[in-house]
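Now for the letters of each chain:
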Amino acid sequence: MHEVQVGVALHRVFLLQLAGKDISVEDVRDADPSFYNNKANKEPFHDDDQIQNEFIKSISEQIRFFKNGFDSVFGKSIFQQLSDNGVEPEDLNLVLKGSIELEFNSDENLDDKQNDPLMPQDDESDPLTYRYFKVNLQNLNIPEWQQGKRLGEGKFGKVFEGYAPGGFFFAIKEIKIEPEANIEQIYDEIRLLCQLRHPNIVKYYSMEKDEGNLNIFLELVTKGSLKDVYGTFELEDSQVSHYTKQILEGLKYLHERNVVHRDIKCANILVNEKGRIKIADFGLAKVMELNTLMKSSYYGTPGWMAPEVAKSGDYGPKADIWSLGCTVLEMLTRKTPHVMEGGKLLDLPDLPSQHSRDFIKECLQDNKVDRPSAAELLQHPFVKGFGL
């Protein structure tokens, strides 16, 4: 039996080693000061690199044992298991720092799942760990923060970089609060969005009212939008397939929880330095309706807008599917999509593959009933089997 010292096992150094990440001597000093001090005090001119290597060696057997045990029980690595639930090493690091809290659900509370709109109702579709815990970042502790450079501006407000004590970077969505706004309902809606967790959607952390503005604290995604990406690089069919699969995974998660995006397009889909897709601005259309008490202004963008939305404002999950088809076309052509004219669907331009053409056509069914769901589209040859 291998025993892992609790102070080390619950420290980010242990987590980073599990994830195969490099650690510094400062990490060692922070994780196990007694180990560092004992080694350093033995030699007046000690070598920090040697101490670091000895520390890594001292926990390597424990890490290997932990990895193998977890893999054999769950059939996947601990970080893949956590990633399936939208939990990343940095989330755990924030937990350990006391900035956020993990909320654990006991077995007796599982019956409440049937009444939770954020939880899918099909148990078999859920990763095992989702039945036992979820990350609750609603209580992210940002008592003090600084506003950095402006990152962009869209129909929902301006976006700035934020910085909090401890070196935590995040994004700030600044929304002007209108006098007629239903502020309590807005708070309730954002609290709901804070509970949504998936690797392919931007995390909502918390919010703060500041004079006439509402600041929403969000995950900072470093490489900008897919529009920025295709504006710089010409995307190959395989790259578009890779991105599309991730968008579908995020949409499937949102639609299962009755969250409709309303404005899927490349400008609202972010990507990080590892190529991970993050859907942004989901749920904000409803927030803006509560802010202005007007429903007609937040139904998407012409060029990506489904015909039923343009005709009557009828917006459901299948409208997001139409917009996704336009978004895939946008990535492949590097242009604003133009798929309808005079109420009729136009012929598609030349595309790199028959699979991409067929995928877009499946999304652009005039009758929303004929469009596949996000879950069904994940079985399409254009994206099926593409490993993340």
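Predicted model only: the values in this text are computed from it and were never measured. Along every chain, residues carry numbers that run from 1 in the direction the sequence is written. pLDDT decides what is reported in this predicted model: residues at 70 or higher carry local features, side-chain atom pairs at 80 or more are listed and counted, and totals for whole chains, interfaces and linings draw on all residues regardless. Computation of side-chain values: all heavy atoms of the structure, hydrogens and water removed.

**A word on the overall build of the protein**
Under the convention used in this document: Starting at the N terminus, helices and strands are each numbered in turn, a helix being any DSSP run of H or I of at least four residues and a strand any DSSP run of E of at least two. Between buried and exposed lies partly exposed: a residue is buried under 20% and exposed over 50% of the maximum accessible area for its type, with that area taken using a 1.4 Å probe on protein chains only.
Within the protein, the regular secondary structure consists of 15 helices and eleven strands. Counting all 388 residues of the protein, 48% fall into the buried class.

**Examining the confidence of the model for the protein**
For the record, the criterion: You can read pLDDT as the predictor saying how much it trusts each residue, on a scale of 0 to 100. Residue contacts follow a heavy-atom distance rule, with two residues in contact if any of their heavy atoms lie within 4.5 Å.
The share of residues in the protein with pLDDT of 70 or more is 71%, and the mean pLDDT across the chain is 77. Ranking the helices and strands of the protein by mean pLDDT puts helix α15 (residues 374-377) first, with 97, and strand β2 (residues 133-136) last, with 39. When the criterion is pLDDT under 50, residues 1-10 qualifies, and its contacts beyond four places in sequence or with other chains add up to 15 contacts. For the stretch residues 101-139, pLDDT sits under 50, and the model shows 71 contacts to residues farther than four places along the chain or on other chains.

**Remarks on helix α14 (residues 354-363)**
What counts here: Read the arc as the range of directions from the helix axis to the C-beta atoms.
Turning to α14, its buried residues number three or more, namely Ser-356, Phe-359, Ile-360 and Cys-363. Considered in projection along α14, the buried side chains sweep an arc of 95° and stay on one side of the axis. Contacts from the buried residues of α14 go to α10 (237-256), α13 (317-333) and α15.

**Considering the environment of Leu-196**
Tracing the chain through its elements places Leu-196 in the loop between α8 (183-194) and β6 (204-210). Classification of Leu-196 as buried rests on a relative accessible area of 2%. Separated by 58 residues in sequence, Leu-196 and Leu-254 have C-alpha atoms that sit 8.2 Å apart.

**With respect to the packing of aromatic side chains**
Stated precisely, the cut-off is as follows: Two aromatic rings, drawn from Phe, Tyr or Trp (for Trp, its six-membered ring), form a pair once their centres lie within 6.5 Å of each other, and the interplanar angle then sorts them: stacked below 30 degrees, edge-to-face above 60, tilted otherwise. Criterion for a charge above a ring: Lys NZ or Arg CZ within 6 Å of the ring centre, and within 35 degrees of the ring normal.
Applying the stated rule across the entire model yields eight aromatic pairs. Residues Trp-145 and Phe-170 carry aromatic rings whose centres are separated by 6.4 Å and whose planes lie at 75° to one another, so their mutual orientation is edge-to-face. Of this pair, Trp-145 sits in the loop between β2 and β3 (146-154) while Phe-170 sits in strand β5 (residues 168-176), placing them 25 residues apart in sequence. Exposure remark for Phe-170: the relative accessible area of 0% places this residue in the buried category. Ring centres of Trp-145 and Phe-217 lie 5.4 Å apart, and the angle between their planes is 75°; this geometry places the pair in the edge-to-face category. Placement of Trp-145 in the loop between β2 and β3 and of Phe-217 in strand β7 (residues 213-218) is noted, with a sequence separation of 72 residues between them. An aromatic cluster is built from Trp-145, Phe-168, Phe-170, Tyr-205 and Phe-217, whose rings are joined through pairwise contacts. Looking at Lys-265, its charged tip hangs above the ring of Trp-304, at a distance of 5.6 Å from the centre.

**Some words on the nonpolar core**
What counts, and what does not: Side-chain atoms within 4.5 Å link the members of a nonpolar core, which is a set of buried Ala, Val, Leu, Ile, Met, Phe, Trp, Tyr and Cys residues.
Counting 70 residues, the largest nonpolar core has Ile-247, Phe-282, Val-328 and Met-331 as its most contacted members. With nine residues, the top contributor of residues to this core is α13. If we ignore the near neighbours within four places in the chain, the residues touching Val-328 are Val-240, Thr-244, Phe-359, Ile-360 and Phe-382. One finds Val-28, Phe-35, Ala-40 and Phe-55 within the second-largest nonpolar core, a separate group that totals nine residues.

**Focus on the environment of Leu-345**
Examined against the element boundaries, Leu-345 turns out to sit in strand β11 (residues 344-345). Judged by its relative accessible area of 44%, Leu-345 falls in the partly exposed class.

**With respect to the sheet that holds β7**
Heads up, the condition is: By definition, two strands form a pair when at least two bridges between them are found by DSSP. The axes used here are C-alpha line fits, helices contributing only the stretch in contact, and every angle between their N-to-C directions lies in the interval 0 to 180 degrees.
Taking strand neighbours across the sheet as the criterion, the five strands line up as β3-β4-β5-β7-β6 in an open arrangement whose pairing is antiparallel. Unpaired on one side and paired on the other, β3 and β6 mark the two borders of the sheet. Looking at each pair of strands side by side, their axes are set apart by 25° on average, direction ignored. The pairing of strand β4 (residues 157-164) with β5 spans seven bridges and is antiparallel. The partner of Glu-161 across the bridge, within β5, is Ala-171. Taken strand by strand, α8 contacts β6 and β7, and its axis lies near 160° from that of β6.

**Some points on the side chain of Asn-272**
Spelled out, the test is: A 3.5 Å cut-off defines polar contacts: any pair of N or O atoms within that distance qualifies, except that in protein one atom must be a possible hydrogen donor and the other a possible acceptor, and neighbouring residues in sequence count only when both atoms are side-chain atoms.
Counting through the fold element by element, Asn-272 comes out in the loop between β8 (269-271) and β9 (277-279). Its relative accessible area of 17% is what places Asn-272 among the buried residues. For Asn-272, the side chain forms a polar contact with the main-chain nitrogen of Lys-274, separated by 2.9 Å. When near neighbours in sequence (up to four residues on either side) are disregarded, Asn-272 contacts Val-221, Thr-222, Lys-223 and Lys-278.

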